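A structural walkthrough
In case you want the letters, here they are:
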Amino acid sequence: MSQRLILSLALLLSVMFAGNSVIGSQAAWGAQLAAPNAAAHFAATALHTYLPLILHGYPAAAPPTATPTATQAPLTCSELVSNGGFEITAGWTFPLTDSQAGYTADEHHGGARAGRFGLLPTTLVTRAEAFASPERNLLGEVAPAGATFSSGYQMVSIPSGIASATLSFWYRPGTDDIAADFQRVMLLNGVTFAPVQELLRVLENDRTWKPATFDLSAYRGQTLVLYFEVYNDSAGSAGRTWMHVDDVSLQACAVSTATPTPTRTPTATRTPTPTATPTSTHTPTATATATPTATPTPTPTQTGTPTDTPTATATPTETATPTETPTATATGTPTETPTATLTPTETLTPTETLTPTATATPTETATATLTPTATHTPTATQTATVTLTPTHTPTPTATSTVVCSERVGNGGFENDSDWIMPVTDSQASYTTSVYHSGARAARLGLLPTTQVSAVRAAGPPEHNLLGEIAPVGATYSSVHQTINIPANATSALLTFWYYPATDATANDFQRALLLDPISYGTVATLMQVLENDRAWKQATFDVTAYRGQNLILYFEVYNDSTGSAGRTWMYLDDVSLQACAGPTPTPTMTATPTQTGTATPTATVTTTPTVTPTPTATPTLAACQELLVNGGFEDSTGWTLPATTYSAVYSTERAYAGTRSLRVGIPASGTNTYSYSSGYQEIYLPADARQITLNGQVWRGSTAADSDTQYLRVVVRNGPTYSLFHGRFNSQAWESVGYDMTFLKGSWVTVFLGAYNDGVGGKTVMYADAMSVQSCR
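Below is a short write-up of the structure. From a predicted model like this one, the values you see are computed outputs, not experimental measurements.

Next up on the list: the sheet that holds strand β6 (residues 182-189). Pairing within the open sheet is antiparallel, and its four strands lie in the order β4-β9-β6-β7. In the strand order of this sheet, the two ends are held by β4 (148-157) and β7 (195-202), each with one partner. Sheet twist, expressed as the average angle between the axes of neighbouring strands with direction ignored, equals 15°. By the bridge criterion, eight bridges tie β6 to strand β9 (residues 223-232) in an arrangement that is antiparallel. Bridging from a neighbouring strand, Gln-183 pairs with Val-230 of β9.

Turning our attention to the pattern of salt bridges. When the charged atoms of two side chains lie near each other, side chains of opposite charge can form a pair. Per the counting criterion, the structure on display carries 18 salt bridges. Of the charged contacts in the structure, one is a salt bridge between Glu-107 and Arg-172, with a shortest N-O distance of 3.6 Å. Placement of Glu-107 in the loop between β2 (102-104) and β3 (114-118) and of Arg-172 in strand β5 (residues 164-175) is noted, with a sequence separation of 65 residues between them. Glu-107 gets classed as partly exposed once you look at its relative accessible area, which sits at 24%. Across the pair Lys-537 and Glu-531 runs a salt bridge whose closest N-O atoms are separated by 2.9 Å. Counted as one network, the salt bridges with shared partners bring together Glu-141, Arg-184, Glu-198, Arg-201 and Glu-229.

This part takes up the pairing of strand β16 (residues 509-515). Along β16, seven of the seven residues are buried, which leaves the element largely enclosed by surrounding structure. In β16, alternate side chains face the same way, and those of Phe-509, Arg-511, Leu-513 and Leu-515 on one face and Gln-510, Ala-512 and Leu-514 on the other are all buried. As paired strands, β16 and strand β19 (residues 550-559) are joined by seven bridges and run antiparallel to one another. Counterpart to Phe-509 in the pairing with β19 is Tyr-558. Between β16 and strand β17 (residues 522-529), which follow one another and run antiparallel, lie six residues, and Tyr-520 among them has a positive phi close to 65°.

The relative placement of two aromatic rings is captured by the distance of their centres and the angle of their planes. Going through the model one piece at a time under the given rule, you end up with 34 aromatic pairs. With 5.1 Å between their ring centres and 90° between their planes, Phe-94 and Tyr-103 make a pair best called edge-to-face. The buried category is assigned to Phe-94, whose relative accessible area is 13%. Summarising the aromatic geometry, the rings of Tyr-711 and Phe-752 are spaced 6.4 Å apart at their centres and angled 15° between planes, so their arrangement reads as stacked. One end of the pair, Tyr-711, is in strand β26 (residues 709-716); the other, Phe-752, is in strand β29 (residues 748-758), with 41 residues separating them in the sequence. An identical accessibility class is assigned to Tyr-711 and Phe-752; each is buried. Grouping aromatic residues by their ring pairs yields a cluster made of Phe-86, Trp-92, Phe-94, Tyr-103, Phe-117, Phe-169, Tyr-171, Phe-214 and Phe-228. The ring centre of Trp-699 lies 3.7 Å from the NZ or CZ of Arg-654, which sits over that ring. Geometry around Phe-725 places Arg-700 over its ring, the cationic atom sitting 4.4 Å from the centre.

Another aspect to go through is the state of the cysteines. Simply put, the disulfide is a covalent bond whose two ends are the sulfur atoms of two cysteines. Per the counting criterion, the structure on display carries three disulfides. Sulfur-sulfur distance for the disulfide between Cys-77 and Cys-253 comes to 1.9 Å. With the S-S dihedral at roughly 110°, the linkage between Cys-77 and Cys-253 falls on the right-handed side. Pair noted here: Cys-77 is in strand β1 (residues 75-79) and Cys-253 is in strand β10 (residues 241-255), with a separation of 176 residues, a long-range link. Cys-404 shares a disulfide with Cys-580; S-S distance 2.0 Å. For the disulfide bridge between Cys-404 and Cys-580, the dihedral angle about the S-S bond is near 110°, and by the sign convention the bridge is right-handed. Residue Cys-404 is located in strand β11 (residues 403-406), and its partner Cys-580 is located in strand β20 (residues 568-581); the two are separated by 176 residues in the primary sequence.

Parameters at a glance
- Residues numbered from 1 in each chain as written.
- Predicted model: local features only at pLDDT ≥ 70, side-chain atom pairs only at ≥ 80, totals over all residues.
- Heavy atoms only, no water.
- Pairing = 2+ DSSP bridges.
- Helix = DSSP H or I, 4+ residues; strand = E, 2+ residues; numbered from the N terminus.
- Axes fitted to C-alpha atoms, helices over the stretch in contact; angles between N-to-C directions.
- Salt bridge = Lys/Arg side-chain N within 4 Å of Asp/Glu carboxyl O.
- Buried < 20%, exposed > 50% of the residue type's maximum accessible area, 1.4 Å probe, protein only.
- Phe/Tyr/Trp six-rings, centres within 6.5 Å; stacked < 30°, edge-to-face > 60°.
- Lys NZ or Arg CZ within 6 Å of the ring centre and 35° of its normal.
- Disulfide = S-S within 2.5 Å.

What follows is the structure in structure tokens.
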């Protein structure tokens, strides 16, 4: 910086800030400038005193600009708990027990509702099951006879890249007990439901709202179960324990890092501004002086229409834009010089080749320039054949075949999963005695020679899931699971095989229902019979009308007496719900052939633009993005492999493509042990996607004949789980798997690959490779 510039700045400061205690009076300021290093001293002094002013013109101020960046690191937080205020009936699962938890408006900390756990002093036992068999909670813990668990939970996934994760909630504990009962909050493993951490375990009687806060940052990158529970050692009216919970929140926060970069740009932009003054580099205007030589050709001004073609010359005009004043006239003249050469082309206009229209087509695609060659009269005779080919072009697009997905888990009852079998005197069970395929089926009802499975003695009558009460001595036997029919399904077909039998003539029944997953009310009665075929029969039902809904698929046998006479039973196997969806954008292509037919009698040039829209459809099919990271498992990124007794690993033992795959389960060379083995990855499904499809290859092998399983699931964050397959398979070959996830767009989902070994008998393993989730717009 020159001495004169510094002097000018100093003078300006003296006028604006005369008498300042740091710089002093004008006389003192002049004395400072007289010293040889006065400029440097002034700069240093003024820099710390009038920082905002100096930053606008003094280049040495650049280093201090880094200090504001420290202040620009805000936290971006997201809420991971769904319906933490319990204001709606969603997000939370409340297992069915004698003290089943639920929503309540009687007590609340914020809003109008809260969650209620345990047994209030004045309430009756909600469901009389304590006399049938002991309860189990989600952890697999068994309550002694007459004791009861009351719990509510939901899945939460803590992102891996966060700075902090804080769980907070308000609870209102109450008890009439002095021991044994408890109120607790836990984190469970998202797969095995094993305890990860016990956050709170108390027996408190404050009967007032209390806050609780826990730092969960250590669990970043993990999927966990947030679990609230109250335990009563007796369902009797004395010594009861309860708890209300409200305003549950899990805030995951990340530091914003993008903002610091703009803070340095202002300093850089100000320094060049003095150099901008020597923009006497109007030297390019010298080039403009050459352009007036073309001034003799200003007359063809009417050729302003073809100015589209010399757009290439528009690029040098941009260089002249800084000089704006001289180039205004000069730029017009050179553009007209090439137009003079174009005017003879207008003499060829009698050919009516409509070349100007051809110049319009290049604005859409360059392919239009090729179409005129095909538009000559010889090609016009071929247009009739062309009209046939467009009719076939929609068909190849339709060959992106209908994608179907299985909505029922463990439909063959080959393992002990997915189905819930409520405890009753005739509790349903898995059986190997009678089956339609595989090695097992489900048995419902009372067989003629079997004993009553659970003696209820003088206990209350049974309730089924619908809330229906069986008369004393009567019994329900049921099996059910929750299913989802995608909103975009074009068809949904439920099929199952059943083997009905009875010694009764009335009152008993075998039935299949669809229930509401919240109220357990009947949505549809698919079947209610009293049959004695004693042979396998297939039943099929079109349930497409229920697309977009969660439902409970419910099978039941009712016996009006547990006596040895007049019993009714049913075997059930191969339950399947196939939901299928097909592509919809292809019909838009059918409009193009109708225009080609009209083009033949007229100028063929007009038809070629109508054909050009067809390429515009191809980008929509090609505009896809891969959502999974490392779907080929060639490196060690993207996937989370939880540490278990026999953890999943990246393996070179076999691969569908490349050199590696993901192995879950225990290979033939491994030691058989009780273990879960899994790998998973959470991804976001774009809300604006037209279609989202999961595809991959799996190799499955098993020497077991028990409860070992292999499975592939899609788990919605804070939502339901959808099984692509869940069972025991031994194909020992690479097989393709596919799943249409379009109905889940706008959601965070976890793609989950796993295998379970029970540690006895044979071993079960699965390899996965070439996994892909494609989102297409």
